[in-house]
Amino acid sequence: MTATLIKGTDIREEILEEITQEVAEIKEKHGVVPGLVTILVGENPASISYVTLKIKTAHRVGFHEIQDNQSPDISEEDLLALIDKYNKDDSINGILVQLPLPKHIDEKKVLNAIDPDKDVDGFHPVNVGRLMIGGSEVKFPPCTPYGIQEMIVRAGVETSGAEVVVVGRSNIVGKPIANMMVQKGPGANATVTIVHTRTKDLAGHCKRADILIVAAGVPDLVKPEWIKPGACVIDVGVNRVGEKISEKTGKKIAILKGDVDFDAAKEIAGFITPVPGGVGPMTITMLMHNTLRSLKYKLGLI
Ligand code: GUN
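So, here's what we can say about the structure. (Residues numbered from 1 in each chain as written. Predicted model: local features only at pLDDT ≥ 70, side-chain atom pairs only at ≥ 80, totals over all residues. Heavy atoms only, no water.)

### Observations concerning the site of the ligand
Turning to step 1, where the next piece is worked out: Residues in contact with the ligand, as listed here, are Lys54, Leu96, Val97, Gln98, Leu99, Asp121 and Phe123.
Turning to step 2, where the next piece is worked out: Within the side chain of Gln98, an N or O atom sits 3.1 Å from a nitrogen atom of the ligand.
Turning to step 3, where the next piece is worked out: One nitrogen or oxygen atom from the main chain of Leu99 is found 2.9 Å from a nitrogen atom belonging to the ligand.
Turning to step 4, where the next piece is worked out: Taking 280 Å² as the accessible area of the ligand by itself, protein coverage stands at 80%.
Turning to step 5, where the next piece is worked out: Looking at side-chain class alone, the shell around the ligand contains four nonpolar, one polar and two charged residues. (Near = heavy atom within 4 Å. Polar contact = N/O pair within 3.5 Å; in protein donor to acceptor, adjacent residues only side chain to side chain. Areas by Shrake-Rupley, 256 points an atom, 1.4 Å probe, with all protein chains shown as cover. Nonpolar A, V, L, I, M, F, W, Y, C, P; charged D, E, K, R; others polar.)

### A closer look at the sheet that holds strand 7 (residues 211-214)
Remark on secondary structure: sheet strands pair via backbone hydrogen bonds, oriented parallel or antiparallel.
Turning to step 1, where the next piece is worked out: Sheet architecture is open: six strands sit in the order 1-11-8-7-5-6, paired in parallel fashion. Two strands bound the open sheet, and with one partner strand each, they are strand 1 (4-5) and strand 6 (191-195).
Turning to step 2, where the next piece is worked out: Note: strand 5 (residues 163-167) against strand 6, five bridges, orientation parallel. In the sheet register, Val164 faces strand 6, and the bridge partner there is Val192.
Turning to step 3, where the next piece is worked out: Helix 7 (residues 174-182) rests against strand 5, strand 6 and strand 7 of the sheet, and its axis sits at about 165° to strand 6. (Pairing = 2+ DSSP bridges. Helix = DSSP H or I, 4+ residues; strand = E, 2+ residues; numbered from the N terminus. Contact = heavy atoms within 4.5 Å. Axes fitted to C-alpha atoms, helices over the stretch in contact; angles between N-to-C directions.)

### Here's the deal with the pattern of salt bridges
Close approach of charged atoms allows side chains with opposite charge to pair.
Turning to step 1, where the next piece is worked out: All chains considered together, the criterion is met by 16 salt bridges.
Turning to step 2, where the next piece is worked out: Of the charged contacts in the structure, one is a salt bridge between Arg130 and Asp117, with a shortest N-O distance of 3.2 Å. Here the residue Arg130 occupies a position in helix 5 (residues 125-133), and Asp117 occupies one in the loop between helix 4 (107-113) and helix 5, the gap between them amounting to 13 residues.
Turning to step 3, where the next piece is worked out: The class for Asp117 is partly exposed, based on a relative accessible area of 34%.
Turning to step 4, where the next piece is worked out: Here the residues in one salt-bridge network are Glu14, Glu18, Glu150 and Arg154, joined through shared partners. (Salt bridge = Lys/Arg side-chain N within 4 Å of Asp/Glu carboxyl O. Buried < 20%, exposed > 50% of the residue type's maximum accessible area, 1.4 Å probe, protein only.)

### Thoughts on the side chain of Gln183
Turning to step 1, where the next piece is worked out: Along the chain, the position of Gln183 falls in the loop between helix 7 and strand 6.
Turning to step 2, where the next piece is worked out: Relative accessible area serves as the criterion here: at 16%, Gln183 is assigned to the buried category.
Turning to step 3, where the next piece is worked out: Among the polar contacts made by the side chain of Gln183, one reaches the side chain of Asn179 at a distance of 3.2 Å.
Turning to step 4, where the next piece is worked out: Among residues more than four places away in sequence, those in contact with Gln183 are Leu131, Met132, Ile133, Gly134, Ala188 and Asn189.

This is the structure:
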């Protein structure tokens, strides 16, 4: 193995420690702690486990946390009224509606109903616009791309002038991370290319990348020969390719694979993120960061 592993599990611990300290300091000086509500509609097992982990993490860093679980048949009107209640609740700084929502509810309408100043997911069009403008306009970068940028910076990888190639153009990862890396400022100033399913020479573009960010949702899409020697490879893919029995718990668990052929790529890349334990843990970490940030805006600390 030649590449340095960028472990999300380690960086998560570093950042959560920093957040815990800052929360304690704010509590001491201002007598308040950040408040996060997660709204879960229905019983999707993956969503339940994500929300449970979000709430557990919020508790760990000293937040005031509410897990608001709603029946799968809640009407759109009632869900909008619930969001309005939390928009007006002074003890809440961050509102997260877990996606996906049941089919009878218009996801866009729901996300647009969240107060942009409590939209710690960064999905509201106002926050998407703020991110596009960049600089001091940015309030809540979306959590997964924010986590990716943080990993690159904390690994000490130079971004200024770097060729960044992003594979995938989703609203949650591809488009925002490309936008963030091209901005003026630290951890950015890169030359960015987005490639996608209609790109003619995927391999050719990837081979030019000093930093290759892959969020395509296709297991082992990126072959070792697509990687420039010494490049930083960030694998956002979490693909379930089978099941196995956990040695720890004896229960069935998913076998996960990234979008990059890790075993071969690690011999060529300079830096690489594993799957699992790479980008995955960063999303919830940056959600905590954004919720703290929301309180800091409110207190005039930033
Ligand atoms: N469902 C899967 N990932 C996410 C996320 O980051 N935020 C929300 N709100 N829902 C999700």
